[in-house]
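Structural overview for review
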Amino acid sequence: MTKKNTYTGEFYQRDRSMHPPAYAEIYKTSVPRSPKQALISIENSLSEITGPKFGHNDLGELDNDLIKNYAQTGDAIGERIIVHGRVLDENGRPVPNTLVEIWQANAGGRYRHKKDMYLAPIDPNFGGCGRTITDEDGYYFFRTVKPGAYPWRNWVNSWRPAHIHVSVFGTAFAQRLITQLYFEGDPLIKKCAIVNTIPDQDAIDGLIAPLDMNAGVPLDCLAYKFDIVLRGRRSTLFENRLEGN
Amino acid sequence: MPQNLNYLRETASQTAGPYVHIGLAPGAAGFKLFEKELGQDMAGPYANGERITITGRVLDGTGSPVRDVLLETWQANAAGIYAHEEDPRHSEVEKGFSGWGRVISDFDSGEFVIKTIKPGATPGRNGATQAPHINLWIVARGINVGLNTRIYFEEDSNAHASDQIINLIEQLHRRDTLLAKKTGENTYHFDVVLQGENETVFFDV
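Residues numbered from 1 in each chain as written. Chains lettered and ligands numbered in written order. Predicted model: local features only at pLDDT ≥ 70, side-chain atom pairs only at ≥ 80, totals over all residues. Heavy atoms only, no water.

**Remarks on the overall build of chain A**
Counting its secondary structure elements, chain A contains two helices and 12 strands. The order of α-helices and β-strands along chain A, N terminus first, is β-α-β-β-β-β-β-β-β-β-α-β-β-β. Taking 2.2 N^0.38 as the reference for a compact globule, 245 residues should give roughly 18 Å; the C-alpha atoms of chain A span a radius of gyration of 19 Å, in line with that estimate. Expressed along its principal axes, the backbone C-alpha trace of chain A runs to roughly 60 × 40 × 30 Å. (Helix = DSSP H or I, 4+ residues; strand = E, 2+ residues; numbered from the N terminus. Rg over C-alpha atoms; globule rule 2.2 N^0.38 Å.)

**With respect to the overall build of chain B**
In terms of helices and strands, chain B carries four helices and 12 strands. Relative to the compact-globule value of 17 Å for 205 residues, chain B shows a C-alpha radius of gyration of 18 Å, a close match. Its C-alpha atoms give chain B principal-axis dimensions of roughly 65 × 40 × 40 Å. Counting the 205 residues in chain B, one finds 59% classified as buried. Here the contacts in chain B between residues at least 6 apart in sequence split such that 66% fall between residues at least 24 apart. Looking at chain B as shown, the accessible area adds up to about 8,300 Å², and 48% of this sits on carbon and sulfur atoms. Computed over 18 positive and 27 negative side-chain charges, the separation of the two mean positions in chain B equals 2 Å. (Buried < 20%, exposed > 50% of the residue type's maximum accessible area, 1.4 Å probe, protein only. Contact = heavy atoms within 4.5 Å. Areas by Shrake-Rupley, 256 points an atom, 1.4 Å probe, with all protein chains shown as cover. Lys, Arg positive; Asp, Glu negative; His and termini not counted. Charge placed at Lys NZ, Arg CZ, Asp CG, Glu CD.)

**Focus: the pairing of strand β4 (residues 129-133) of chain A**
All names here are of chain A. Judged by how many residues are buried, β4 sits mostly within the fold: five of five residues are covered. The alternating pattern of β4 places C129, R131 and I133 on one face and G130 and T132 on the opposite face, and all of these are buried. In the sheet, strand β3 (residues 99-104) pairs with β4 via five bridges, with the strands oriented antiparallel. Note that in β4 the partner of E101 across the bridge is R131. (Pairing = 2+ DSSP bridges.)

**Remarks on the nonpolar core**
Generally speaking, soluble globular proteins have nonpolar side chains that are buried together. Within the largest apolar cluster, 86 residues are counted, with the highest numbers of intra-cluster contacts made by W103, V166, F226 and I228 of chain A. Broken down by element, the residue count for this core peaks at five residues, all from strand β9 (residues 177-183) of chain A. Those residues in contact with V166 of chain A that lie beyond four places of it in its chain are V100, E101, I102, L177, I178, T179, L181, F226 and I228 of chain A. If you look at the next biggest cluster of nonpolar residues, it comprises 24 residues, including I54, V66, I114 and L136 of chain B. (Core = buried A, V, L, I, M, F, W, Y, C linked by side-chain atoms within 4.5 Å.)

**Points about the pattern of salt bridges**
Counted under the stated rule, the structure contains 24 salt bridges over all chains. Between K68 of chain A and D75 of chain A there is a salt bridge, with the nearest N and O atoms lying 2.8 Å from each other. In this structure, a network of salt bridges that share partners links the residues E10, E43 and R234 of chain A together with R125 of chain B. (Salt bridge = Lys/Arg side-chain N within 4 Å of Asp/Glu carboxyl O.)

**Considerations on the confidence of the model for chain B**
When the pLDDT values of chain B are averaged, the result is 97; 100% of them are 70 or greater. Reported for the predicted complex are a pTM of 0.96 and an ipTM of 0.96. (pLDDT = per-residue confidence, 0-100.)

**Some words on the interface of chain B and chain A**
Contacts between the two partners involve 79 residues from chain B, matched on the other side by 95 residues from chain A. Together, the buried faces of chain B and chain A total about 7,700 Å²; carbon and sulfur atoms form 57% of this surface. Among the residues of chain B in contact with chain A, E10, Q14 and R125 of chain B are the three that bury the most area, contributing 12% of the side total. Taken together, the links from chain B to chain A amount to 13 salt bridges. A salt bridge links E86 of chain B to R233 of chain A; the shortest N-O distance between them is 2.8 Å. Contributions of two or more residues to the side of chain B that touches chain A are made by α1 (20-24), α2 (26-29), β2 (70-75), β3 (100-104), β5 (122-123), β7 (133-139), β8 (147-153) and β12 (203-204) of chain B. Pairing of strand β1 (residues 40-41) of chain A with β12 of chain B involves two bridges; the strand directions are parallel. Looking at β12 of chain B, one finds that I40 of chain A is bridged to F203 of chain B. (Buried area = accessible area lost by both parts, 1.4 Å probe.)

**Comments concerning the sheet that holds β3 of chain A**
All names here are of chain A. One open sheet accounts for five strands, arranged β4-β3-β8-β9-β10; its pairing is mixed. Strands at the two margins of the open sheet, each flanked by one partner only, are β4 and β10 (208-209). One ladder, built from six bridges, connects strand β8 (residues 163-168) with β9; its direction is antiparallel. Bridging from a neighbouring strand, S167 pairs with I178 of β9.

**Overview of the packing of aromatic side chains**
Tallying each qualifying case throughout the model produces 14 aromatic pairs over all chains. Relative to W100 of chain B, the ring of F169 of chain A has its centre 5.4 Å away and its plane inclined at 80°; by these criteria the two rings are edge-to-face. Here F169 of chain A, found in the loop between β8 and β9, pairs with W100 of chain B, found in strand β3, and the two come from separate chains. Exposure remark for W100 of chain B: the relative accessible area of 3% places this residue in the buried category. Ring geometry for W74 of chain B against Y82 of chain B: centres 5.5 Å apart, planes inclined by 20°, an arrangement best described as stacked. (Phe/Tyr/Trp six-rings, centres within 6.5 Å; stacked < 30°, edge-to-face > 60°.)

Printed below as a string of structure tokens:
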């Protein structure tokens, strides 16, 4: 039988020029946590083209609804938003059935984490994490509240723009990615040391979710669109042999 | 102008930050939200092979433990088969074996503990065999792009001599940074050094 999907070869080499370098002086914590030796580039084997699979049995019903999934006495406080988009690969093909996880501060900029001591209050109805699995078209969505900006220790007066952390798997361990979503129009984006570790303006723009009025729910919530692109794969037509058999 | 190639570009990475546990291991952040936290049982109850425990720390360039790190592991079963449809033998994997795990360091000591089974040798490229190894992906505050490395096992030195990946490491002493050291019958020690003397070998996969 001919396989419909012929993109089963190696993954395209990661373009490191649009990712932040390990060592970024402006982001102080990266200074002692960045390898100084060059990464060793390896060709894909089964170890890299395989990766964990997740199913709907792994998830609960409210896992992608951050307004409700930790609600004790009522909904989470804040500006209600939908975050939605598609997970695609560099060939523009949807990545279906892949796990997307998010976490964020509450509307006041406070994380529900025993290590976060910021003076903004915890929202008793907001946990701050969610997860979902993309559908056949690579589509996903979450409902949440817009996170607040918050101060952090980098320079004395450093503030993180409002952001949502996003973790994506793809089909292979080689595609594993964690990034952050920012919101269109936020003046703190330009000032953020973590954003500015990325050396490429187009790559920064790719992390900024535009307001998407069509996807919002009238009289209920706004929406922001965030597409995520994972590494693409070669077709198998002229492939080296990946496997040992 | 020639035609446009029309590839999309991979989304840029950003640090997982200090509160990565909220999203990926909320129990560790101090609250319960998900019915089932993912990656807590790599091998499952029915996996064949040697049950092993690997403990270690991730150390920064000053020698201090990184106490807010999160590691993900990906490995084959004891027969060297990945639980993934692109492994031609994947249907032989034991029920409940995922081969994937999520591990966080202790917030005070920085120590992490990996409980799994020892993987078998896996297929390499062009008919070669890879020595038993666990693939490791490391994220934390201050790590801008997740770091890939591998854990090999010190007792497999014969297999290491012909391992394609180990042989790519030109400086021989650096190969030792990938070896888990045996500390007991089924226990190993493996530190990751992010920077400086004895810096762990990291891969661009």
